[in-house]
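# An overview of the molecular structure
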Amino acid sequence: MTFREDGYAAIDWLVRYRERVTDAPVLSPLRPGDVRAALPSSAPEEGEPFAAVLEDLDRVVFPGLTHWQSPRFFAYFSTTGSDPGMLAELLIAGLNNVGILWRASPALQELEETTLDWLAGLLGLPPGLHGHIEEGASISTLAALASARQARPGSRVVVCSEHAHSSVDRACKVLELELRKVSADDEYRLRPEKLDLEGACAVVATVGTTSCTSVDPVVAVADVCERDGVWLHVDAAYAGAAMICPEFRWAFEGVDRADSIVVNPHKWLLVPQGCSALWTRRPEAFRDAFSVVPEYLRTPDDVVSFSEYGPELGRRFRALKLWAVLRCYGAEGLRSRIRESVRLAELFESWVRDEPGWVVAAPRHFSVACFRRDASDEENEELMHRVNARGRIFLSHTKLDGRYVLRLAVGSEPTTEADVRLAWEELREAA
Ligand code: PLP
């Protein structure tokens, strides 16, 4: 087999995968250890044909997949590795550029600069921000908080709402910062009047929390941060994508005043996993926190390398997939997909609201509906596990005000109204 034939076979495999993914159990039915038990205990001594890898993809890997590409994946934040994103990922691997410094791949760095400028423009962010791409929002937030810590020596407290993502907890753990959590109001938003910035180097405000997509009042938080000279980091990892549509911009008021902001194109903008956009108006603080240039990387080039703004030295050519997606969908194509996700979540929520015995559990701002049976937590939990075990859809949960809440997250490109209807029927039947 040649590279070309194997390559076509891999694409054919993906085409067949797409044809059968809708009917496969969305949540893998395997038990822990099943995949390992089906694999040899050591690597082969002699090379095998690539076709053998594809065969085992069917035999061993497929049953062990939870199908994130299924139109009926409604858990966490559902995502799509779109066609242009997927093909660009192949090209990224084929080119295998390693962005350790500008001259190691001028195209890698300059395409990253350009695509992040484009994306900032589409999201309505102010011009002139410095943008770069990290692998995920956890790394982006870690980088932002490391920069905030560097910018305010001696201040080692980070403040966020009780609903901030656990990546903030993790960044504080790694950076040895103290985390002070502020209670939220009855719509799960940070209460700005509760902000105590004594000893703080940063506040993290979330636009689109993971549990229920609540929106912290960024304008009021920015006022307090500016008054006290504290770094404001905005985590819009999921909901930031919605800024591409003017009708959702209300949720991002004040974001232009943030010192740093993270939006994940790999969540709701059709880019495959591994693409987190991080912008800052204080790039020098990032360089102070991260820049280390050993002798072997010194060059006479009059340009700063992106590896000086974050924790990675060898950087993947992630901009290529963002570039491909932005070009192939265009802003209008992306807007229409965001709007369709929101429409479907809204529709699902209306069915919940209209059905006795079910309740909407939180205000819905974007494409996630939070709901529960009007019953005990145990019954709701059991209901979710029962529905997931049937395999036709996959949902996840959260806790709000101490109560067990189910979430239906729409975001997958192939999801249709029929899939959302099926989800509702599955839930009603199981209830
Ligand atoms: N921030 C928010 C609001 C999230 O919802 C998530 C993940 O869902 C993250 C950060 C972490 O994102 P990542 O998996 O890209 O590190």
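Rules of the game
- Residues numbered from 1 in each chain as written.
- Predicted model: local features only at pLDDT ≥ 70, side-chain atom pairs only at ≥ 80, totals over all residues.
- Heavy atoms only, no water.
- Near = heavy atom within 4 Å.
- Polar contact = N/O pair within 3.5 Å; in protein donor to acceptor, adjacent residues only side chain to side chain.
- Areas by Shrake-Rupley, 256 points an atom, 1.4 Å probe, with all protein chains shown as cover.
- Helix = DSSP H or I, 4+ residues; strand = E, 2+ residues; numbered from the N terminus.
- Nonpolar A, V, L, I, M, F, W, Y, C, P; charged D, E, K, R; others polar.
- Core = buried A, V, L, I, M, F, W, Y, C linked by side-chain atoms within 4.5 Å.
- Buried < 20%, exposed > 50% of the residue type's maximum accessible area, 1.4 Å probe, protein only.
- Contact = heavy atoms within 4.5 Å.
- Domains from an automatic or database assignment.
- Salt bridge = Lys/Arg side-chain N within 4 Å of Asp/Glu carboxyl O.

## Let's talk about the site of the ligand
Taken together, 13 residues lie near the ligand, and Ala137, Ser138, Thr210, Asp235 and Asn264 sit nearest. At a separation of 2.6 Å, a nitrogen atom of the ligand approaches a polar side-chain atom of Asp235. Residue Asn264 places a side-chain N or O atom 2.9 Å away from an oxygen atom belonging to the ligand. Summarising the interface, the protein chains cover 84% of the accessible area of the ligand, which totals 390 Å² for the free molecule. Counting residues per element, the ones that place at least two in the shell around the ligand are helix H6 (137-151) and helix H9 (265-268). Grouping the constituent residues of the shell around the ligand by class yields three nonpolar, eight polar and two charged.

## A word on the nonpolar core
In globular proteins that are soluble, nonpolar side chains generally tend to be buried together. Formed by 74 residues in total, the largest nonpolar core has its most connected members in Val207, Leu232 and Trp279. Examining the composition of this core, we find that 10 residues originate from one element, helix H11 (residues 319-354), more than from any other. The contacts of Trp279, once residues within four sequence positions are left out, are Leu116, Leu119, Ala120, Leu123, Leu125, Leu129, His130, Gly131, Asp259, Ser260, Ile261 and Val263.

## Examining the domain arrangement of the chain
Domain parsing of the chain yields domain 1 (3-68) and domain 2 (87-326). Each of domain 1 and domain 2 was reduced to a C-alpha centroid, and the two centroids are 34 Å apart.

## A few points about the pattern of salt bridges
Counting across every chain of the model gives 39 salt bridges. The salt bridge partner of Asp83 is Arg18, with a shortest N-O separation of 2.9 Å. Highlighted residues: Asp83 in helix H4 (residues 83-95) and Arg18 in helix H1 (residues 3-21), separated in sequence by 65 residues. Linking Glu135 and Arg316 is a salt bridge whose minimum nitrogen-to-oxygen distance equals 4.0 Å. Residue Glu135 is found in the loop between strand E1 (130-134) and H6, and its partner Arg316 is found in the loop between helix H10 (283-290) and H11; the two are separated by 181 residues along the sequence. The partly exposed category is assigned to Arg316, whose relative accessible area is 34%. The network of salt bridges with shared partners includes Glu89, Glu135, Glu312, Arg316, Arg318 and Lys321.

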